[in-house]
Amino acid sequence: MTKSPRGSSFFSRHSNTHSWHSLRPEVFGIPFLLLATFLVLIALGSLPAGTVAAASSERVLRLAGDDYGFPSPYGFYPRGPGYLRMSLLFDTLVWKDQKGLVPLLASRWEEKDGGRVWTFELNPKARWHDGQAVTAADVVFTFRYFQENRHPWFDLSAVKEVRELDAHRVEISLKEPYAPFLTNLAGSLPILPKHIWEKVQDPKKFLSPAAAIGSGPFRLEKYDREQALYIYTANPDYFLGRPVIDRLILRPQAEPVLALRKGEIDGASLKVDEAALLKGDPQLQVIEGPALWVYRLYFNLQDPLLGQKEFRQAVAYAINRQEIVDRALHGGATPGVAGYIPPSSPWYSPTTDYPFNPDRARQLLDGLGLKDRDGDGYREGPKGEKISYQLLFASPYARVAELVQGYFKAVGLKVELKALDTKALDGIMEKNQYQLALNGHGGVGGDPAHLSRFTSSVGSQAPAQWSNTWGSRPFDDLFQQQIREMDATKRKELVGRLQGLLAEELPTLPLYYPKMYFAFNPQVLSGWYYTPDGIAIGIPTEMNKLIFLQGSSGKPAAAGVRASGWWWLVGLVILTVFYFLGRRRLPRG
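Residues numbered from 1 in each chain as written. Predicted model: local features only at pLDDT ≥ 70, side-chain atom pairs only at ≥ 80, totals over all residues. Heavy atoms only, no water.

Participant: Which parts of the structure should I look at to understand the overall build of the chain?
Facilitator: Within the chain, the secondary structure is distributed over 17 helices and 22 strands. In the chain, which comprises 589 residues, the share counted as buried stands at 52%. A total accessible area of about 27200 Å² is found for the chain, and carbon and sulfur atoms account for 51% of it. (Helix = DSSP H or I, 4+ residues; strand = E, 2+ residues; numbered from the N terminus. Buried < 20%, exposed > 50% of the residue type's maximum accessible area, 1.4 Å probe, protein only. Areas by Shrake-Rupley, 256 points an atom, 1.4 Å probe, with all protein chains shown as cover.)

Participant: Hey, could you run me through unusual backbone geometry in this one?
Facilitator: Most peptide bonds take the trans configuration, and most residues that are not glycine carry a negative phi. In this model, D113 sits at a positive phi of 55°, which is unusual for a non-glycine residue. The exposure class assigned to D113 is partly exposed, which follows from its relative accessible area of 49%. A positive phi angle, close to 60°, is found at N432, a residue other than glycine. Turning to its location among the elements, N432 is positioned in the loop between α13 (422-430) and β18 (436-442).

Participant: Can you help me understand the side chain of S173 in this one?
Facilitator: Mapped onto the elements, S173 comes out in strand β8 (residues 169-174). Excluding residues that lie within four positions of it along the chain, S173 makes contacts with R116, V117, V159, K160 and E161. (Contact = heavy atoms within 4.5 Å.)

Participant: Help me understand the nonpolar core, please; the structure alone is not making it clear to me.
Facilitator: With 148 residues, the main nonpolar core has L93, F120, W528 and F548 as its most contacted residues. Sorting elements by how many residues they give to this core places helix α4 (residues 136-148) first, with 7 residues. Sequence-distant contacts of F548, that is, excluding residues within four places in its chain, are made with L61, L88, F218, P243, V244, I245, L248, L525, W528 and M543. In this structure, L260, I265, L270 and L278 belong to the second largest nonpolar core, which totals 11 residues. (Core = buried A, V, L, I, M, F, W, Y, C linked by side-chain atoms within 4.5 Å.)

Participant: What exactly am I supposed to notice about the pattern of salt bridges here?
Facilitator: For side chains of opposite charge, pairing can occur when their charged atoms come near one another. Overall, the coordinates contain 26 salt bridges when judged by the stated rule. Between K423 and D67 there is a salt bridge, with its nearest N and O atoms 3.4 Å apart. Linking K423 in helix α13 with D67 in the loop between β2 (60-64) and α3 (80-87), this pair joins segments that are 356 residues apart in sequence. With its nearest N and O atoms 3.8 Å apart, the salt bridge here joins K386 to E380. Residue classification places K386 among the exposed residues on the basis of a relative accessible area of 58%. What you see here is one network of salt bridges that share partners, running through D374, D376, E380 and K386. (Salt bridge = Lys/Arg side-chain N within 4 Å of Asp/Glu carboxyl O.)

Participant: Sorry if this is basic, but what is going on with the packing of aromatic side chains here?
Facilitator: The relative placement of two aromatic rings is captured by the distance of their centres and the angle of their planes. For the structure shown, the criterion picks out 34 aromatic pairs. Judged by centre distance (5.4 Å) and plane angle (90°), the ring pair of F218 and F548 falls under edge-to-face. One end of the pair, F218, is in strand β9 (residues 218-224); the other, F548, is in helix α16 (residues 547-550), with 330 residues separating them in the sequence. Between the aromatic rings of Y317 and Y354, the centroid separation amounts to 5.1 Å while the plane-to-plane angle is 80°, which identifies the pairing as edge-to-face. Of this pair, Y317 sits in helix α9 (residues 309-318) while Y354 sits in the loop between β15 (333-335) and α11 (358-367), and the two are 37 residues apart along the sequence. For the pair formed by Y317 and Y354, the shared burial category is buried. Here the aromatic residues Y74, F76, Y83, F141, Y145, F146, W153, F154, W197 and F206 are joined through ring pairs into a cluster of three or more. Lying across the ring of Y378, K414 places its NZ or CZ 5.8 Å from the centre. Positioned above the aromatic ring of W95, the side-chain terminus of K545 is 4.6 Å from the ring centre. (Phe/Tyr/Trp six-rings, centres within 6.5 Å; stacked < 30°, edge-to-face > 60°. Lys NZ or Arg CZ within 6 Å of the ring centre and 35° of its normal.)

Participant: Before we go on, may I ask you to explain the sheet that holds strand β19 (residues 508-514) in this structure?
Facilitator: Strand order in the open sheet made by the 6 strands is β15-β19-β14-β18-β16-β17, with mixed pairing throughout. One side of each edge strand has no neighbouring strand; the edge strands of this open sheet are β15 and β17 (414-420). Going across the sheet, the axis of each strand differs from the next one's by a mean of 25°, ignoring polarity. With 7 bridges connecting them, strand β14 (residues 293-299) and β18 associate as antiparallel partners. By the bridge assignment, R296 is partnered in β18 with N439. (Pairing = 2+ DSSP bridges. Axes fitted to C-alpha atoms, helices over the stretch in contact; angles between N-to-C directions.)

Honestly, it's all geometry; don't read function into it.
Below is the structure:
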């Protein structure tokens, strides 16, 4: 039996010709007394909360960010930033911080029967944004709802039964041991308020304000799809304490470096060149994160030629991954490996790889009967048929696409480029309406359960950017074996074998794993970090919502008066001195 770790707060004169001593006592005294009363009430905490709030400056954090859909569990665009925007509103049973798993909605948990049974005890202080208590009934409902309404991010196939033991305890039974249960389900699945969602028949169309009511540290004030604007306000009743900032604003920035320097925003994720421009700025700090995001070359294996392993291996030899890192990313990445899992991951195992070798690529292509028979510089098939492929990519990655096109050409393969926006690219790939594509995504950190995107059984559930047209029975069987293995050492050996199969068969070719950079103004909020192995299912980002609870906030975004008692008392003493000095100078009679 294993148990959870322990849980973790002017006076300004009007411009006129009168001097202080010319003011009559009845004119001076009444405003003074009113102001003094106001100051005393604030000092003693007797004014209504709204009055004090109006006098105080809220702490606003402004971050650069794009549109990733309505931030509800079924409304967010299925990429990491979309999940993160949702996670500010909705909590999971457990979460991750700098060291690993920590309690969230569940204050403690325990595992029994070799990983088949898990019991969670909920924090009794947890409340939904509408004030109702979070209970075990909500957890039971959530698991059943996601089972009935499939979501591309959450695979609940291992769950057998979920039972409410009492108001704050729930038991989850699994069909068999499931090694990544804590991280990939308990630590990723957003818990829904039953009293809101039980009447929702089509969750994807549920986009009303009620769909954003969760138990998280923030409430949604505004979402504007046209402006790609998100505004969140602090949840004052959050069970782990009120966030250290009052309002969070995310909106696009065409020039984030300039916006940071001008103080128009307080933080932004940057490319390596942008980060280098700010590293010497005394007003800003820059942190670097691990490469838990992958940019890869996809082959539609339903194509007869692309479906041949030797052709894909030839392509791997033809592409200079280190040169892509150096020329297109200026060193801000790690070259991809054929085994898919990045070297920065604790689950990485060295495998056979394909170092840049154009001559070897040409040999493999010759062996497939592909030769330049008409002397135009491009190879034809065994019967003289023309070979030409279209390579799809998202517009920001044009330089990478151009390099890849050049590598293909160098070995006699013709590739035409077509740029799309990211959403359009994902949509085409989801329908498998492509030949070759370049796309990227996070989720290559965390538990190696992410290799499920290569299995035949659950690959179809993966988001579009994880598109898979490959099937391998040996891979499927080995994947199922390792996912049930609770012994970490034995499991790592099995995961290593999976990487070996991927390296041999090359259903995809990882080109690089980009390093991540985040620049921020520590005077507004400090304490940022990259979560080891990524948030939830392995999302590589600096925006772990715990930073908004544990970070150190600086000055308010705008100048204003604070409601701290000693400040007002000091002001009251000063005003009193001026008052009596004025009375002493008044002419008698």
